Amino acid sequence: MSPKRMRFPRHSIIDISGLNGILSIFPGINTASVEPAVTFEQLVRETLNRGMLPAVVPPLPQITVGGAYASAAASGSSYRHGHFNRAVSRIEVVTGNGNVVQASRNDNPDLFYGCAGAMGTLGVVTMLQVHLIKSEEYVRLQYHPIGAAIGVLERVIGLPRETADTQPVDFVDGIMFSEDQGMMVLGKFYFLHVHGKLRCPPNKRCVACGWTIGSAQYNQNDDCLLEEVHVIDYLFRYNRGCFWMAIYGLPPFLKLPLRRHYTPEVMPASFWARAHQLHHPNTKYLLQTVEVPHETFVVFMKMLHDRPKIYPLWICPVKVFADIPRQNYSLLPRRSGYGFEVIIGI
Ligand SMILES: Cc1cc2nc3c(=O)[nH]c(=O)nc-3n(C[C@H](O)[C@H](O)[C@H](O)COP(=O)(O)OP(=O)(O)OC[C@H]3O[C@@H](n4cnc5c(N)ncnc54)[C@H](O)[C@@H]3O)c2cc1C
């Protein structure tokens, strides 16, 4: 997804914007059949009406299901469910020779595993079956300040032990503000909003009413602070201010904390992109995510700190499953048993 509107000559693209329908939702078998140009905003609202959600929802609502599959997208629930493509059980693809092919773990597995993350190079996906999970209306968040990058690993590796007797954690992500200061945010589905009509604890900022980064920074000295937010506010929490990209290049009046706090809906990622383009037409900003095995995460963070030393960094652990026949797909890392990788958003 490019925040900048791209223009291509009509004859050089395959326009799939019309394939934007949710074909069916089968709550009984936890599955939705959707066309690729359906956005996650559409899909989340429709499935939530039935008390369900796609197992992985990328953090910007305008990302499409086809785009997320083509780029192996991930987000907070990837700690449990892996990349979005693992939540896809079947696809229909139009290949380069014009054939319409069905692919799943059993039918044409090469195409099925190959298309995930191939950015459209193996064909145009025209239908996807997406696995749904049961959702509650709220997410209860717990903020855990951490000292250094190693703290991310300690937190994530320790989680199965910590939650052995309680409800497991559904969402995990974090932000590093500097080399030795960060925040991990753990979330669990929650059916009640204990703060009644208030959207966050008094005198606190929460992800529902400000930028997520503001909330994380504000709560830094409050170990294990709890807050409950609506599940949609949580899932698309980085839409407001486009992670923290909105601090770059916006006209000063739009940066006021007061405005961020009280008018969050005027700062979605798409608004930021347009405002930035108008204000600084000749400056380019790049948002890059890098995914590394957890074994090399600390070394990689050290490298990033030496150069280019850009903060804040988004941190998102992604579960890697051993059930994918990785030996056949040389682009995938070889692993045995449970492991996880870490996405770093720069
Ligand atoms: C500001 C920003 C923040 C982001 N944050 C995250 C994040 O937190 N987590 C994450 O995982 N990703 C993130 N991304 C990346 C994003 O998930 C991918 O760029 C995704 O591919 C965008 O989907 P889209 O619907 O906009 O697709 P497009 O930009 O339209 O397409 C992306 C690619 O997918 C291919 N494609 C799209 N549809 C199909 C199809 N039907 N068949 C075959 N190929 C297809 C296109 O050819 C293209 O190569 C972010 C991107 C941006 C710009």
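Residues numbered from 1 in each chain as written. Predicted model: local features only at pLDDT ≥ 70, side-chain atom pairs only at ≥ 80, totals over all residues. Heavy atoms only, no water.

As annotated in an unreviewed UniProt entry, the protein carries the name Delta(24)-sterol reductase and is attributed to Sporormia fimetaria CBS 119925.

Within the protein one finds 10 helices and 13 strands. For the protein, buried positions account for 49% of its 346 residues. Here the contacts in the protein between residues at least 6 apart in sequence split such that 69% fall between residues at least 24 apart. For the protein, the exposed surface amounts to about 17200 Å²; the carbon and sulfur share of it is 55%. (Helix = DSSP H or I, 4+ residues; strand = E, 2+ residues; numbered from the N terminus. Buried < 20%, exposed > 50% of the residue type's maximum accessible area, 1.4 Å probe, protein only. Contact = heavy atoms within 4.5 Å. Areas by Shrake-Rupley, 256 points an atom, 1.4 Å probe, with all protein chains shown as cover.)

Let us look at the pairing of strand β8 (residues 171–178). For β8, a buried count of seven out of eight residues is recorded, marking the element as mostly surrounded by other parts of the structure. Here β8 runs beside strand β9 (residues 181–190); their pairing, made up of seven bridges, is antiparallel. Its bridge partner being in β9, Asp-173 is matched across the sheet by Val-185. Pairing geometry for β8 and strand β12 (residues 313–320), over three bridges, is antiparallel. Residue pairing across strands places Met-176 opposite Leu-313, the latter belonging to β12. (Pairing = 2+ DSSP bridges.)

Looking at the secondary structure, you find Arg-45 in helix α1 (residues 40–48). The class of Arg-45 is partly exposed, set by a relative accessible area of 44%. Each C-alpha atom, one on Arg-45 and one on Ile-232, is 8.3 Å from the other, the two residues being 187 residues apart in sequence.

The next point concerns the environment of Phe-177. Counting through the fold element by element, Phe-177 comes out in strand β8. C-alpha of Phe-177 to C-alpha of Ala-148: the two residues are 29 residues apart in sequence and 9.8 Å apart in space.

With that settled, the discussion passes to empty space enclosed by the protein. The tally for this structure, following the rule as stated, stands at two cavities of 30 Å³ or more. What the largest cavity holds in volume is close to 60 Å³. Every residue lining the largest cavity is counted, 14 residues in all, and those nearest its centre are Ala-55, Val-57, Ser-77, Phe-171 and Leu-235. Listed by contribution, the elements that provide at least two residues to the lining of the largest cavity are β3 (52–54) and α7 (231–235). A breakdown of the residues in the lining of the largest cavity according to their chemical character gives 10 nonpolar, three polar and one charged. (1 Å grid on protein atoms, 1.4 Å probe; cavity = no way out; pocket = protein on both sides within 12 Å on 5 of 7 lines; lining within 4 Å. Points joined across faces, edges and corners; volume = space filled by probe spheres on them. Nonpolar A, V, L, I, M, F, W, Y, C, P; charged D, E, K, R; others polar.)

Residue placement: Thr-31 occurs in strand β2 (residues 31–34). Within the structure, the side chain of Thr-31 is placed 2.7 Å from the backbone oxygen of Ile-29, a separation counted as a polar contact. Other than its neighbours up to four places away in sequence, Thr-31 contacts Ser-24, Ile-25, Phe-26, Gln-129, Val-130 and Leu-132. (Polar contact = N/O pair within 3.5 Å; in protein donor to acceptor, adjacent residues only side chain to side chain.)

On to the pattern of salt bridges, then. Under the counting rule described, the total for this entry stands at nine salt bridges. Of the charged contacts, one joins Arg-50 and Glu-46 as a salt bridge, the two residues approaching to 3.7 Å between their closest N and O atoms. Judged by relative accessible area, which is 41%, Arg-50 ranks as partly exposed. Among the salt bridges present, the one from Glu-228 reaches Arg-140, with a minimum N-O distance of 2.9 Å. With Glu-228 in strand β10 (residues 225–230) and Arg-140 in strand β7 (residues 138–146), this pair connects stretches of sequence that are 88 residues apart. Since its relative accessible area comes to 1%, Glu-228 is described here as buried. (Salt bridge = Lys/Arg side-chain N within 4 Å of Asp/Glu carboxyl O.)

Here we come to the packing of helix α5 (residues 149–162) against helix α10 (residues 297–306). Where α5 contacts α10, the axes come no closer than 9 Å and their chain directions differ by 155°. Judged on the interaxial angle alone, α10 and α5 are roughly antiparallel. By crossing handedness, the relation of α5 to α10 is classed as right-handed. The segment α5 lies against α10, with Ala-149, Ile-150, Val-152 and Leu-153 engaging Phe-297, Val-298 and Met-301. Taken together, the residues of the contact of α5 with α10 break down into seven nonpolar, no polar and no charged. (Axes fitted to C-alpha atoms, helices over the stretch in contact; angles between N-to-C directions. Parallel < 35°, antiparallel > 145°, perpendicular 65-115°, else oblique. Left-handed = near helix turned anticlockwise from the far one by under 90°.)

Right, let's talk about the sheet that holds β9 for a bit. Pairing in this open sheet of seven strands is antiparallel, and the strands run β10-β7-β9-β8-β12-β13-β11 from one edge to the other. Whereas interior strands pair on both sides, the edge strands pair on one side only; in this sheet they are β10 and β11 (289–293). Taking the axes of each pair of neighbouring strands and ignoring which way they run, one obtains an average angle of 25° across the sheet. Here β12 pairs with strand β13 (residues 339–345) via seven bridges, running antiparallel. Looking at β13, one finds that Trp-314 is bridged to Gly-345. Against the sheet, α5 contacts β7, β8, β9, β12 and β13, and its axis sits at roughly 25° relative to β9.

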